[in-house]
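Spelled out, the chains give:
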Amino acid sequence: MTQAKGSHYDARGVPVSSCEPQSLDDYETALLQFHSYFGDPTETLAATLDADPEFVLGHVFFASALMMMTEKQYLPVIRQHIEQAEALAGKANARERLLTLAARQWMEGRWDQASLTWDQVLVEQPLDAMALQLGHLTDFYRGDCFNLRDRLCRVMTSWDKGVTGYSYILGMQAFGFEECNQYDKAELVSRTALDMEARDPWAIHALAHVFEMQGRFDEGKDMYHEREDDWAPDNGFAFHNWWHLALYHIEHEDFDGALGLYDSRILPGGDSDVSLQMVDASALLWRLYLLGVDVGSRWDQIADLWANRTSSENGYYAFNDLHAVIAFVGAGRFEAARDVLAAVEDAAAHNPGVTRMMAQDVGIAACRAMIDFGQQRYREAIDSLLPIRTIAHRFGGSHAQRDILTQTLTESALRGGELKLANNLVSERKLHKTLSPLCQRFAARLSV
Ligand SMILES: [Fe+2]
């Protein structure tokens, strides 16, 4: 039975308009799945919406969760659910109407405006865990490190141990601290979160980033192995945590170890249709490629996966496009790489909203640099990479992910014989990653 708007509240006391009682229970299940990556919230919500098609919050959550996959192919179904939520606006409360607006803004490429709208929701409803996580992930996709931290900080006085899901909120805040280079705080907060809820792959991931940035690779390996049951089995985010573990292996020159994880965990069976997973797989191979490691047929395998995407995906999100280019360059498919670059150039001219800026400011130069590097045009690669190094956060990702640009730049300088530039870059790296064996290997090549 449909009830009057505002007559329900979720587990945190946030008002929910008309819905069946079961729908509210399902919402909590979906939210926990969204926080923990154990289970698929869209699967849960699809069943809920079959039974309760007027569940506004369900429609907007379904659309928003799917948006976070950063794939254009989902836009038709996202649009369908947003339009259904809009059609139910008369039954929705003010929070739900704003959440629907944010989803529409995101769908239309206005990710920056969606971010503001979620904040607007949080001013009135600081315990809206869904708005908080959607905003957090969008901060990540927009490379907005300050908001990754401060969106959480702005609501934190409303949260405490007694509020359902508090540990997950701390896990998000920990990652925000890490991306703002506040490693001590990040470690403290992520450990606090994990003391409360061990099975939080996002909090574990925040800690992994701390270990990566501080060169604490052995601690990172130990942490991942000791806690493996908490983050790996049947977890939708596990591939990315495996990727971080593989980076530690690369630092220790255990390339077989990294490739073993690639084959069994990051891209099991050499197959995936998930862009976020293909991004990690491509990035791992590129790091090995920079080190001259033979990865066998894996380049062809990952290039095939990118080629199998519909071509309309190209230009949708520049961060993904860069990794498609990487895969094509690694496989020696330069024509395909240039096709993606052309799509990014087109996106820089025609995309709606902030995705246009991402393509324009960072995407074009990053993609061009990788193609130039693959064709041994090191000076050209340097020319593309130097101007974007300090603004590359604009197209999203983490510091650890974007390090691929600096590693490529440093390798370009070394291979191109531009040793003074290489020396400068290695000098900078030494200060940031004193304990990094990779950094020491760069330095050793300078003194030969
Ligand atoms: Fe990460």
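Calculation rules
- Residues numbered from 1 in each chain as written.
- Predicted model: local features only at pLDDT ≥ 70, side-chain atom pairs only at ≥ 80, totals over all residues.
- Heavy atoms only, no water.
- Salt bridge = Lys/Arg side-chain N within 4 Å of Asp/Glu carboxyl O.
- Helix = DSSP H or I, 4+ residues; strand = E, 2+ residues; numbered from the N terminus.
- Buried < 20%, exposed > 50% of the residue type's maximum accessible area, 1.4 Å probe, protein only.
- Phe/Tyr/Trp six-rings, centres within 6.5 Å; stacked < 30°, edge-to-face > 60°.
- Donors = N, O, S within 2.8 Å, 3.2 Å for Na, K, Ca; no water.
- Tetrahedral: all angles 85-135°; square planar, octahedral: opposite > 155°, others 65-115°.
- Domains from an automatic or database assignment.
- Contact = heavy atoms within 4.5 Å.
- Buried area = accessible area lost by both parts, 1.4 Å probe.
- Polar contact = N/O pair within 3.5 Å; in protein donor to acceptor, adjacent residues only side chain to side chain.
- Nonpolar A, V, L, I, M, F, W, Y, C, P; charged D, E, K, R; others polar.

1. A short note on the pattern of salt bridges
- All chains considered together, the criterion is met by 31 salt bridges.
- For Glu-345, the salt bridge is made with Arg-368, and the minimal N-O distance between the two is 2.9 Å. In this pair, Glu-345 is assigned in helix α19 (residues 334-350) and Arg-368 in helix α20 (residues 353-374), connecting sequence segments 23 residues apart.
- The class for Arg-368 is partly exposed, based on a relative accessible area of 37%.

2. Examining the packing of aromatic side chains
- Under the defined criterion, the tally for this structure stands at 23 aromatic pairs.
- Site record: aromatic cluster; members linked through ring pairs are Tyr-37, Trp-106, Trp-111, Phe-140, Tyr-141, Phe-175, Trp-202, Phe-237, Tyr-317, Phe-319 and Phe-395.

3. Observations concerning the coordination of the iron ion
- The iron ion binds to the protein through His-205 (NE2), His-209 (NE2), His-240 (NE2) and His-244 (NE2), with metal-donor distances spanning 2.1 to 2.2 Å.
- With four donor atoms in place around the iron ion and angles of 85 to 177° between them, the coordination shape is irregular.

4. A few points about the domain arrangement of the protein
- Annotation of the protein at the domain level lists domain 1 (1-140), domain 2 (165-236) and domain 3 (240-448).
- Facing 14 residues of domain 1, the contacting portion of domain 3 comprises 18 residues.
- Roughly 1300 Å² is buried in total at the junction of domain 1 and domain 3, and carbon and sulfur atoms are behind 60% of that figure.
- In this assembly, domain 1 and domain 3 are joined by zero salt bridges.
- The interface formed by domain 1 and domain 3 includes six residue pairs in polar contact (both at pLDDT 80 or more).
- Considering only residue class, the side of domain 1 that touches domain 3 consists of six nonpolar, three polar and five charged.

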